[in-house]
Amino acid sequence: MDKRELNDEDIEKFTIGSLVNGEVVEKKRGTYGVVYIIDQGKGVYPRYVAYKTTDDEYDERRLDAFDREAKVWFKVRGYPLILTPFLIKHFNNRPLICMPFCEKDLRTYLDEKKKLSSVEALVIASQILKGLIFARKRGIEAHQDLKPENVLLEDLSKKFVGWPPQNADESIKWRVRVADFGSANAWRELNKPSGTKPYMAPEQWEMKVLYDKKMPYKEKVDFSKVDVFAVGIILYELLTGRHPVGVRTSDVWPKPREGFSKRWEKGDNFKKWTMSPDKNIKIENCELSEELEDLIRSMLELDLEKRITLEKSFEKVMGVLSKLHKPTAEQLKLLYDYYDTLAGFKENIDRLDSLIQLAQIPRLKDEIINELLNEISDTEKCIDTPGTAVYFCELCYKTSKLLINRGRENDKERVKEFAEKILSTATAWRSEIKAHHKYPTIKFKNKVLIETRYKDFEIYAELIGYARKLLEIVEGERKTREIFEDMDNLTKSAYFYSIAAKYHSQGDERKAVDMLDECIKLNPNEAVFYFMKALWLERHLLKMKIYGEPEEKEKRLLEENMIKSIRKALKIDPNWEEARKFYENISRYKH
């Protein structure tokens, strides 16, 4: 690397570090791009994150591949066993996808340990399979490029005190993150049977021959079990330290290390082994070795009909693990139930947020907007519950924000139309809209994990606020106010409450409180107004003390107003725990 190249890379690292508010500490190359490891600094959680981007902003093929991977990746977003993207930024016409940083990949870990215990191997294999089963539910027929390099490991013992539990095997500290979905569904969608040769299934090799020769396919071959084959190879590697062909994969692939044979370089010998009907699967010095050998053979079956499914593979892996170390298997089952609960939480909203993030990629914006417009049309026809009504309003609002950002002719008309749809839908369902329709409570094993702190009115006001914001953009504040002045008192109070919330977010508590007084005139029996008034008055008082001690008379008036407001909130809603705690905490103001 010459001096100019080094300087260019240093400049790039500095620019990206500035963009993402951190320091680039490492740069790695992948199939379709690069990954930057970012140190966000002490006191920031998480301290380290990773940003993945394309290698070249002018290479259309690579940009297309990256865009496609991003779409697949966000489709499986939200499951703890899959590397989950956070958000998207941009640099020099290239998308930067932010994702969690993991300590190491499975290849590095295996090279360090040479081989793993049976329990640890099964713990890791079960997590890979569980992640793939979730991906299948999200429409990913096959990852197509599973290998230890694409399985990342996250040390949970560094995040949670007392983990792993004492009765479980220490290996449960590792959480698997299945990564790199660049080849996912490539066969189904692009007719590409791509994969990494040491881990390719027989059907991938068969189709690769035709693909390389540009020959037509007689029929669409089933790729639903290619990942099972790859996991079978990985499990054997974890147990023995070697690929089933008899060599340590990292010694010969992708390039042989010094002193090792070059015979594996082209992949023909891996293909020969893969296509053989009788594979010599032998695991020595291992408890339940015969059962493990039978399991791996069933995953490496040449005959697609005889090869077991993802679900059956997972079931068998957990069955063997339970025989070897029952407490660990039981702890894993508990974890998987917990992960499934998390994945089902706000599933529609998470999917919508994923699409909004994808729309940040300029080349995908129009495609995503069209998908959302179709969803609006379809959803509007079947609004039959308050939950669907709330989701429809969210859908209209977030799509409108994309349209405003795009700024094409007729986009403003669409935004106005969607603002009106939000308004009519919210008002039609207002008596049935509850807080849990937007912020549901998460329960696991009859225990509440996350409980909404919002009140029902706040959700209605939030939806009305969506309509207000959009109308102000297309009609202006004055015309928007005129529209709401003609509505019922409940909706007008929700309108003014959304403005009060805007002032509060801008740090102007005085204006926010004045607007709450307008809300109270319209809707005097809503406890939210009094609670928020007390809360914002306290913050206003604290600011006054920070910037200069207020006059005693003004201070006393603010304190009295605050106490009066919180008492009124509790009189209306005596069971409101948050209001009760606030009242107890401000006892120093009581006279």
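Residues numbered from 1 in each chain as written. Predicted model: local features only at pLDDT ≥ 70, side-chain atom pairs only at ≥ 80, totals over all residues. Heavy atoms only, no water.

S.K.: Help me understand the overall build of the protein, please; the structure alone is not making it clear to me.
M.R.: Scanning the protein for helices and strands turns up 23 helices and 10 strands. Along the three orthogonal principal directions, the C-alpha set of the protein runs to about 85 × 60 × 60 Å. Counting only residues that meet the buried cut, the protein has 51% of its 591 residues in that class. Of note, the protein has its 106 positive side-chain charges centred 1 Å away from the centre of its 102 negative side-chain charges. (Helix = DSSP H or I, 4+ residues; strand = E, 2+ residues; numbered from the N terminus. Buried < 20%, exposed > 50% of the residue type's maximum accessible area, 1.4 Å probe, protein only. Lys, Arg positive; Asp, Glu negative; His and termini not counted. Charge placed at Lys NZ, Arg CZ, Asp CG, Glu CD.)

S.K.: How should I be thinking about the sheet that holds strand β7 (residues 151-155) in this particular structure?
M.R.: Pairing between sheet strands relies on hydrogen bonds along the backbone, with the strands arranged either parallel or antiparallel. Pairing is antiparallel across the open sheet formed by 3 strands, whose spatial order is β6-β7-β8. Each edge of the open sheet is held by one strand with a lone partner, namely β6 (104-105) and β8 (174-178). Where β6 meets β7, 2 bridges bridge the pair, whose relative direction is antiparallel. Bridge pairing in β7 links Asp-105 to Leu-152. Of the strands in this sheet, β7 and β8 are in contact with helix α4 (residues 118-137), which crosses β8 at around 35°. (Pairing = 2+ DSSP bridges. Contact = heavy atoms within 4.5 Å. Axes fitted to C-alpha atoms, helices over the stretch in contact; angles between N-to-C directions.)

S.K.: Can you help me understand helix α7 (residues 226-240) in this one?
M.R.: An α-helix turns once per 3.6 residues; consequently, residues spaced three or four apart project the same way. Over its 15 residues, α7 extends 22 Å from the first C-alpha to the last, a length consistent with the 21 Å expected when each residue adds 1.5 Å. Phi turns positive one or two residues past the end of α7, at Gly-241, with a value near 85°. (Expected span 1.5 Å × (residues − 1).)

S.K.: Is there a simple way to think about unusual backbone geometry in this case?
M.R.: Trans is the prevailing form of peptide bonds, just as negative phi is the prevailing case for residues other than glycine. At the junction of Tyr-45 and Pro-46, the peptide bond is cis and its omega measures out at -10° in the coordinates. Tracing the backbone shows Pro-46 in the loop between β2 (33-39) and β3 (48-54). Cis peptide bonds are those with omega within 30 degrees of zero, and the linkage from Trp-253 to Pro-254 qualifies with 5°. Considering the arrangement of structural elements, one finds Pro-254 in the loop between α8 (249-252) and α9 (268-274). Its identity as a non-glycine residue notwithstanding, Asp-180 has a phi of 55°, on the positive side. With respect to the element layout, Asp-180 can be found in the loop between β8 and α5 (186-190). What makes Asp-180 buried here is its relative accessible area of 13%. The backbone of Lys-214 shows a phi angle near 55°, a positive value even though the residue is not glycine.

S.K.: Even after reading the chapter, I still don't get the nonpolar core, so can you show me in this structure?
M.R.: When a protein is soluble and globular, its nonpolar side chains tend to lie buried together. Judged by nonpolar contacts, the single largest core of 170 residues is most densely connected at Leu-106, Ile-128, Tyr-497, Phe-531 and Ile-566. Counting 11 residues, the second-largest nonpolar core is a separate cluster that includes Tyr-36, Val-49, Tyr-51 and Leu-96. (Core = buried A, V, L, I, M, F, W, Y, C linked by side-chain atoms within 4.5 Å.)

S.K.: Honestly, the sheet that holds strand β4 (residues 87-91) in this entry has me stumped. Any pointers?
M.R.: If you trace the 5 strands from one edge of the open sheet to the other, you get β1-β2-β3-β5-β4, paired in antiparallel fashion. Unpaired on one side and paired on the other, β1 (23-29) and β4 mark the two borders of the sheet. Across the sheet, the mean angle separating the axes of adjacent strands is 30° when strand polarity is ignored. By the bridge criterion, 5 bridges tie β4 to strand β5 (residues 94-100) in an arrangement that is antiparallel. Counted as the bridge partner of His-90 is Pro-95 from β5.

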